[in-house]
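Residues per chain, in single letters:
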Amino acid sequence: MKRLLDCKASDFQKMNGQDLKQSIRACEGRVMLSETMTSVAPLIPSVTNAELAAAFGADLLLLNVFDVFHPSVEGYECNENESIIQKMKELTGRPVGLNLEPVDLNAEQIEQLDAVSNGRLATEEALREAKKLGFDFICLTGNPKTGVTNEETVVAIRKAREVFGDEGLIIAGKMHGAGVANETGSSIVSEDALARFVEAGADVILMPAPGTVPGITLDTAQKYVRFVHSKGALAMLTIGTSQEGADEATIRQIALNSKMAGADIYHIGDTGYYGIAVPENIMTYSIAIRGRRHTYVRMAASVKR
């Protein structure tokens, strides 16, 4: 199995979720994931945010605020017989994943919550539709003010594993509070929650990167990453706090702290500008974790290779 950072577009077409997991593991902490919104106008009108993120060095693309029952990506108009997800994979040469939200209708709220459309909820129906659309991986997490809880995430992981089978790749966890009580700051993460995520079937556990959420220090993150690894899962450390729009020195600090903590995947969020990280920050993060050589190859390699 090739390391993901050495893979070409043609290699990704042959991988199932578990192949992708092993390919990520083999990279030893050099995999960059960029999250982008699909429901807002792209930063540059002539390309989608996903294409822009790929061009600045992302290995994996995660689509946010995407409704599986009304599939569309702002910046690209599909022909009647085209699949928008297949087209995104063709245009970028990258594995493409989807955020779905395990909203807990009984959660105790600490702020007014936003409504989430049925096509963004982590229901069995939405998961089956996501599989039909051809996503390479599923991420079960919560946007701000959505009412996602760790308890409901466990339920959603089980549903996702049932729908996608043993070969699917499931990422799960919280990168920030989602407007519910008792799951903010350092209380977002606990060994009990992480163990339950893995036991339910998650392949990759996401959690805040050091310095992004109050109370999540390098020591804290390292402890939780080691715990996740001991359970056989991978760890993704995230920037979900709009710091994807910070200065490059801050990005480098988060990157190096996340690498010291033991991250397998490095996530950068989608609201540096509204819908995508500052593109230069994707590149800065990539260079910090794997140097210019691997970054430039990822940026420059044609999808036809």
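No experiment lies behind these values; they were computed from the predicted model shown.

Each value, and the rule that gives it
- Residues numbered from 1 in each chain as written.
- Predicted model: local features only at pLDDT ≥ 70, side-chain atom pairs only at ≥ 80, totals over all residues.
- Heavy atoms only, no water.
- Buried < 20%, exposed > 50% of the residue type's maximum accessible area, 1.4 Å probe, protein only.
- Helix = DSSP H or I, 4+ residues; strand = E, 2+ residues; numbered from the N terminus.
- Pairing = 2+ DSSP bridges.
- Right-handed = clockwise from strand over helix to strand, strands pointing away.
- Contact = heavy atoms within 4.5 Å.
- Core = buried A, V, L, I, M, F, W, Y, C linked by side-chain atoms within 4.5 Å.
- Patch = residues over 30% accessible without salt bridge, like charges linked within 9 Å, V, L, I, M, F, W, Y side chains within 5 Å.
- Areas by Shrake-Rupley, 256 points an atom, 1.4 Å probe, with all protein chains shown as cover.
- Salt bridge = Lys/Arg side-chain N within 4 Å of Asp/Glu carboxyl O.
- Phe/Tyr/Trp six-rings, centres within 6.5 Å; stacked < 30°, edge-to-face > 60°.
- Axes fitted to C-alpha atoms, helices over the stretch in contact; angles between N-to-C directions.
- Parallel < 35°, antiparallel > 145°, perpendicular 65-115°, else oblique.
- Left-handed = near helix turned anticlockwise from the far one by under 90°.
- Nonpolar A, V, L, I, M, F, W, Y, C, P; charged D, E, K, R; others polar.

## Quick look at the pairing of strand E6 (residues 204–208)
Within E6, five of the five residues are buried, which leaves it mostly tucked inside the rest of the structure. One ladder, built from three bridges, connects strand E5 (residues 170–173) with E6; its direction is parallel. Bridging across to E6, Gly173 finds its partner in Leu206. Inspection of the sheet shows E6 paired to strand E7 (residues 234–239) by five bridges, in the parallel sense. Residue Pro208 lies in a different strand from E7, and its bridge partner there is Thr238. The parallel pair E6 and E7 is bridged by helix H8 (residues 218–230), and the resulting crossover is right-handed.

## What to know about helix H4 (residues 84–92)
When we look at burial in H4, the residues that qualify are Ile84, Ile85, Lys87, Met88, Lys89 and Thr92. Structurally, H4 contributes buried residues whose contacts are with helix H3 (49–55), strand E2 (60–64), strand E3 (96–100) and helix H5 (124–133). Within two residues after H4, Gly93 carries a phi angle of roughly 65°, on the positive side.

## So, the nonpolar core
Within the largest apolar cluster, 68 residues are counted, with the highest numbers of intra-cluster contacts made by Phe66, Phe135, Leu140, Leu194, Ile205, Met207 and Tyr285. If sequence neighbours within four positions are ignored, Leu194 has contacts with Val189, Ile205, Met207, Tyr224, Phe227 and Val228. Grouped together as the second largest cluster of nonpolar side chains are 22 residues, Cys7, Leu62, Met175 and Leu206 included.

## Structural notes on a nonpolar patch on the surface
Residues Leu43, Ile44 and Tyr273 make up a contiguous nonpolar surface patch of about 250 Å² in total accessible area. As for its placement among the helices and strands, Tyr273 is situated in the loop between strand E8 (265–268) and helix H10 (279–300).

## Observations concerning the packing of aromatic side chains
To describe a pair of aromatic rings, you give the distance between the ring centres and the angle between the ring planes. Tallied over the entire structure, the rule returns two aromatic pairs. A ring pair is formed by Phe66 and Phe135, whose centres lie 5.4 Å apart and whose planes are at 85°; its orientation type is edge-to-face. With a gap of 69 residues between them, Phe66 in the loop between E2 and H4 and Phe135 in the loop between H5 and strand E4 (137–140) connect regions that are remote in the sequence. Take Phe66 and Phe135: they sit in the same class, and that class is buried.

## Here's the deal with the packing of helix H9 (residues 248–261) against H10
At a minimum axis distance of 9 Å, the contact between H9 and H10 shows a crossing angle of 40°. In terms of orientation, H9 lies oblique with respect to H10. When you trace H9 past H10, the crossing you get is right-handed. Residue-level inspection shows Glu248, Ile251, Arg252, Ile254, Ala255, Leu256, Ser258 and Lys259 of H9 in contact with H10, the latter providing Glu280, Asn281, Thr284, Tyr285, Ala288 and Ile289. Of the residues in the contact of H9 with H10, the class split is seven nonpolar, three polar and four charged.

## Focus on the pattern of salt bridges
If you walk through the whole model with that rule in mind, you get 15 salt bridges. Across the pair Glu101 and Arg120 runs a salt bridge whose closest N-O atoms are separated by 2.6 Å. With Glu101 in the loop between E3 and H5 and Arg120 in the loop between E3 and H5, the pair connects residues that are 19 residues apart, well separated along the chain. In this structure, Glu101 and Arg120 share a single accessibility class: buried. Arg196 is the salt-bridge partner of Glu151, the closest N and O atoms lying 3.0 Å from each other. Of this pair, Glu151 sits in helix H6 (residues 150–164) while Arg196 is found in helix H7 (residues 191–200), placing the two residues 45 residues apart along the sequence.

## Description of the sheet that holds E5
Overall, parallel pairing links the eight strands, which are arranged E1-E2-E3-E4-E5-E6-E7-E8 in a closed barrel. Direction aside, the axes of adjacent strands within the sheet are offset by 25° on average.

Scope: geometric values only; no functional claims are made or implied.
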